[in-house]
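Structural features, examined
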Amino acid sequence: MTQGRTRLYHLLLWVIALIFFSPILWIALASFKTKDQILATPPLFVFPPTLANYTDFFSRQNVGEYFVNSFLISIVAVLIAILVSFLASYCFSRFQPRGTSFMMFILLSIRMVPAAATVVPIFLMYSAFSWKDSWPALVLFYAMFSIPFSVWILKGFIDGVSRRYDETALVNGGSRLHVMFKVVLPQVRPGLIAAFIFNLIFVWNEFLVNFIIGGKTTTMIPTALMIGVANNLGTDWTFVATLTTLYILPPIIAIFFFQKYLLVGMTFGTVRGEV
Amino acid sequence: MQHIGSRSQRKSVTQKLSWWAQLGHALDRRERTLPSLLLVPVLLFFIIWNIIPTLWMVGLSFYNYSMISGRPARFIGITNFADILVDNSVWLSFSKTLIWVFSTVAIETALGLLLGLLFWGSAKLPGRRLALTMIFAPMMITPVAASIFFRLMYDPTFGVISWVISLLTGQAAPNLLGDRLTAFGAALAVDVWIWTPFMILITLAALGSVPRAELEAAQIDKLSWIKKFRYVILPNGKFILMLGILLRTIDSFKTMDLIFSLTRGGPGNTTELIAIVLYRKAFEAFNLGWASALAVILLLTAIAFTSIYLFILNRKQAEEA
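None of the values given here were measured: they were computed from a predicted structure. (Residues numbered from 1 in each chain as written. Chains lettered and ligands numbered in written order. Predicted model: local features only at pLDDT ≥ 70, side-chain atom pairs only at ≥ 80, totals over all residues. Heavy atoms only, no water.)

Description of the overall build of chain A
When you go through chain A residue by residue, the secondary structure sums to 14 helices and 0 strands. The linear arrangement of helices and strands in chain A, starting from the amino end, is α-α-α-α-α-α-α-α-α-α-α-α-α-α. Taken along the three principal axes of its C-alpha coordinates, chain A extends 75 × 70 × 30 Å. Counting only residues that meet the buried cut, chain A has 56% of its 275 residues in that class. Here the analysis covers contacts within chain A between residues at least 6 apart in sequence; of these, 73% occur between residues at least 24 apart. Of the accessible surface of chain A, which amounts to about 11700 Å², a share of 66% is contributed by carbon and sulfur atoms. Put simply, chain A has 18 plus and 10 minus side-chain charges, and the middle of one group is 11 Å from the middle of the other. (Helix = DSSP H or I, 4+ residues; strand = E, 2+ residues; numbered from the N terminus. Buried < 20%, exposed > 50% of the residue type's maximum accessible area, 1.4 Å probe, protein only. Contact = heavy atoms within 4.5 Å. Areas by Shrake-Rupley, 256 points an atom, 1.4 Å probe, with all protein chains shown as cover. Lys, Arg positive; Asp, Glu negative; His and termini not counted. Charge placed at Lys NZ, Arg CZ, Asp CG, Glu CD.)

Right under this line is the structure:
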């Protein structure tokens, strides 16, 4: 291609990228508008930006709580899930106990079930045990929510580590735990990172379960957003736009930095490679 | 090796055999219990958060149980399932779900293939990482947030999309989500916006799996684009494409959060996909027996989908081995 055509091609790609990003830009712009500017007809593309929404936002009482809930619940849940999944996937990969492939099948099925069908049994159990609006109960649910994905990813990565490493370490007098955590674990670091980042995003984005079995003390951001939008007094657009903008920032930053794990992350570890 | 050797040397030669035996026994003992020990945590999670609730739900699907009536659950056998099978509204939303799945997957696959091919040569694009982040962003944010963007843009009084449409048609701004005629399409467009990036990602992965040598050969033979796609790209990339399309089909079948926060199934029942029916029965009507029965049916559907997915995955792995 000539230089001019290459430039044109690159310009085209950037235009496509901007088209995909424009709804997100639009909400981000809205968070710098006053209420009247958001509701203006025709829509305003150029306007004097205001930071009032953000100062108002941080002066609200509950907002900090939603963010803390979202952050802590997802991080604790994912850490538990990864530890549990690492132990299990090491076992599945190395000892291959009877029923391994059945277990992997069931774990994948859990991922394929529609959320509404998952939440009904959880709702039944949580109401009966009065576990609703309980921090540990929600964290443990999200840990289970993250386990299938983590086991699939980690088993794939551990399968890729030669058994010779295990054998050499064992012959040299290392214990199994030493083999698992000092020999195998460092070699599956990309798998651990992918599992960590993507589970974090999935839990961060999860809405239905939090909406149904959460409560006042365990409200996470999507639930807060839904309540903010479906308000009887009409949508409080300045608040919703600000909350949405801040809320979608972490996943977007994460895929900027961890782009090479995107494929593994979005296909359950069944497709490897980079884009 | 050093310390094992020295330890065995310290023991007398007559004890050497028993030392080996001891080591073997110790390993045997560990090897037998360790695997089960490693599985204990995952099984605990699995039993408490999956087996028990699922059995509970399967049990309840044979009962007439409503949370608001306050009456105790009454065993009614398979009546709930029979009710679902003859319920016209269930079949209606099932067919809507099928139309939804088919159209979203078809449009997203076509667009994804097209844009994926376009982005194939983007290795030297300035700021490529940022551009790709912008393209993949829609699928990484929660559908609840996505629905908020579009509620803002579709709004009949101040929405930018409605405004553009009214400029183009010269008529009053349409209420895209509130109108029975347009609500389904408007929701579909949001899904296409969210998930086309996934098919772009899959296409790029499929293209990446095509061996360089075959591409160079095609270059030398001066194959046309269509032939190149048909004879070089498709045979190599079809497995990844198939997995991607299947995953997308399953996820499209699961669609719930998006519709729930965009339209709640409305106006009327125009966007009422099967997951929304389940949600409404369970958490708005609190008819949990009936809802459990429908959830059991969806669960079985998901297991069927999973089997197909694994069948394809395993066949490919068997081919490679």
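Resuming the write-up.
Side note on the packing of aromatic side chains
Applying the stated criterion to the full structure yields 43 aromatic pairs over all chains. Here the aromatic rings of Phe57 of chain A and Phe67 of chain A are separated by 6.4 Å at their centres, their planes lie at 85°, and the arrangement is edge-to-face. Here Phe57 of chain A is found in helix H3 (residues 52-59), whereas its partner Phe67 of chain A is found in helix H4 (residues 61-94), with 10 residues between them in sequence. Ring geometry for Phe129 of chain A and Trp56 of chain B: centres 5.8 Å apart, planes at 65°, overall edge-to-face. Taken together, the residues Phe129 of chain A in the loop between helix H6 (115-128) and helix H7 (135-159) and Trp56 of chain B in helix H2 (residues 16-60) connect one chain to another. Residue class for Phe129 of chain A comes out partly exposed when judged on its relative accessible area of 40%. Put simply, the rings of Phe57, Phe58, Phe67, Phe71, Trp204, Phe239 and Tyr247 of chain A pair up and form one aromatic cluster. (Phe/Tyr/Trp six-rings, centres within 6.5 Å; stacked < 30°, edge-to-face > 60°.)

Brief notes about helix H5 (residues 100-112) of chain A
The terminal C-alpha atoms of H5 of chain A, which comprises 13 residues, lie 19 Å apart, in line with the 18 Å expected from a rise of 1.5 Å per residue. Every buried residue belonging to H5 of chain A is among Thr100, Met103, Met104, Phe105, Ile106, Leu107, Leu108, Ser109 and Met112 of chain A, and all of these are buried. (Expected span 1.5 Å × (residues − 1).)

Here's the deal with the interface of chain B and chain A
Counting residues at the interface gives 102 residues for chain B and 98 residues for chain A. When chain B packs against chain A, close to 9100 Å² is buried across both sides, 82% of that on carbon and sulfur atoms. The interface formed by chain B and chain A holds 1 salt bridge in total. The shortest N-O distance in the salt bridge between Asp251 of chain B and Arg111 of chain A comes to 3.2 Å. Counting every contact that joins chain B to chain A gives 13 residue pairs in polar contact (both at pLDDT 80 or more). (Buried area = accessible area lost by both parts, 1.4 Å probe. Salt bridge = Lys/Arg side-chain N within 4 Å of Asp/Glu carboxyl O. Polar contact = N/O pair within 3.5 Å; in protein donor to acceptor, adjacent residues only side chain to side chain.)

What to know about the environment of Glu272 of chain B
All names here are of chain B. Assignment of secondary structure puts Glu272 in the loop between helix H11 (257-262) and helix H12 (274-283). Given a relative accessible area of 13%, Glu272 falls into the buried group. Between the C-alpha atom of Glu272 and that of Thr306, which follows or precedes it by 34 residues, the distance is 24 Å. Leave out the neighbours within four places in its chain, and Glu272 touches Ser93, Lys96, Gly265, Val277 and Arg280. Engagement of the side chain of Glu272 in a polar contact is seen with the side chain of Arg280, the distance being 2.4 Å.

Side note on the pattern of salt bridges
Close approach of charged atoms lets side chains of opposite charge pair. Taken as a whole and judged by the stated rule, the model has 11 salt bridges over all chains. Residues Arg60 of chain A and Asp236 of chain A are paired through a salt bridge, measuring 3.1 Å at the closest nitrogen-oxygen approach. Of this pair, Arg60 of chain A sits in the loop between H3 and H4 while Asp236 of chain A sits in the loop between helix H12 (221-229) and helix H13 (237-257); the two residues are 176 residues apart in sequence, bridging distant segments of the chain. We note a salt bridge from Arg248 of chain B to Glu108 of chain B, for which the minimum N-O separation is 2.7 Å. Separated by 140 residues along the polypeptide, Arg248 of chain B in helix H10 (residues 225-254) and Glu108 of chain B in helix H4 (residues 88-118) bring together distant segments of the chain. Accessibility classification places Arg248 of chain B together with Glu108 of chain B in one group, the buried group.

Describing a nonpolar patch on the surface
Taken together, the side chains of Phe129 of chain A together with Leu43, Ile47, Ile51, Ile52, Leu55 and Trp56 of chain B make up a nonpolar region of the molecular surface, amounting to roughly 590 Å² of accessible area. Taking relative accessible area as the criterion, Leu43 of chain B reaches 35% and is therefore assigned partly exposed. (Patch = residues over 30% accessible without salt bridge, like charges linked within 9 Å, V, L, I, M, F, W, Y side chains within 5 Å.)

Focus on the side chain of Asn205 of chain A
Among the secondary structure elements, Asn205 of chain A is positioned in helix H10 (residues 189-205). There is a polar contact of 2.8 Å between the side chain of Asn205 of chain A and the backbone oxygen of Met140 of chain B.

Some words on the confidence of the model for chain B
Summing up the model confidence of chain B, the mean pLDDT is 86 and the portion of residues at 70 or higher is 90%. Predicted confidence for residues 1-17 of chain B stays below pLDDT 50, and this span has 10 contacts to residues more than four positions away or in other chains. (pLDDT = per-residue confidence, 0-100.)

A word on helix H5 (residues 128-140) of chain B
With 13 residues, H5 of chain B ought to run about 18 Å at 1.5 Å a step, and its terminal C-alpha atoms sit 18 Å apart, in line with that. At Met134 of chain B, H5 of chain B is deflected by roughly 30°, the largest bend along its length, and proline Pro138 of chain B occurs up to four residues later in sequence. Among the residues of H5 of chain B, Ala131, Leu132, Thr133, Met134, Ile135, Phe136, Ala137, Pro138, Met139 and Met140 of chain B are the ones counted as buried. Considering only its buried residues, H5 of chain B is in contact with helix H1 (3-30), H10, H13 and helix H14 (262-266) of chain A together with helix H8 (183-208) of chain B. (Bend = angle between axes of the 7 residues up to and from the residue.)

A few points about the packing of H12 of chain B against helix H13 (residues 288-320) of chain B
Residue and element names in this part refer to chain B. Their axes nearest at 8 Å, the elements H12 and H13 cross at an angle of 155°. Taken together, the axis directions place H12 and H13 in an arrangement best described as roughly antiparallel. Crossing angle aside, the handedness with which H12 passes H13 is left-handed. On the side of H12, the interface is formed by Ile274, Val277, Leu278, Lys281 and Ala282, while H13 contributes Leu288, Trp290, Ala291, Leu294, Ala295 and Leu298. Its residues assigned to classes, the contact of H12 with H13 comprises 10 nonpolar, no polar and 1 charged. (Axes fitted to C-alpha atoms, helices over the stretch in contact; angles between N-to-C directions. Parallel < 35°, antiparallel > 145°, perpendicular 65-115°, else oblique. Left-handed = near helix turned anticlockwise from the far one by under 90°. Nonpolar A, V, L, I, M, F, W, Y, C, P; charged D, E, K, R; others polar.)

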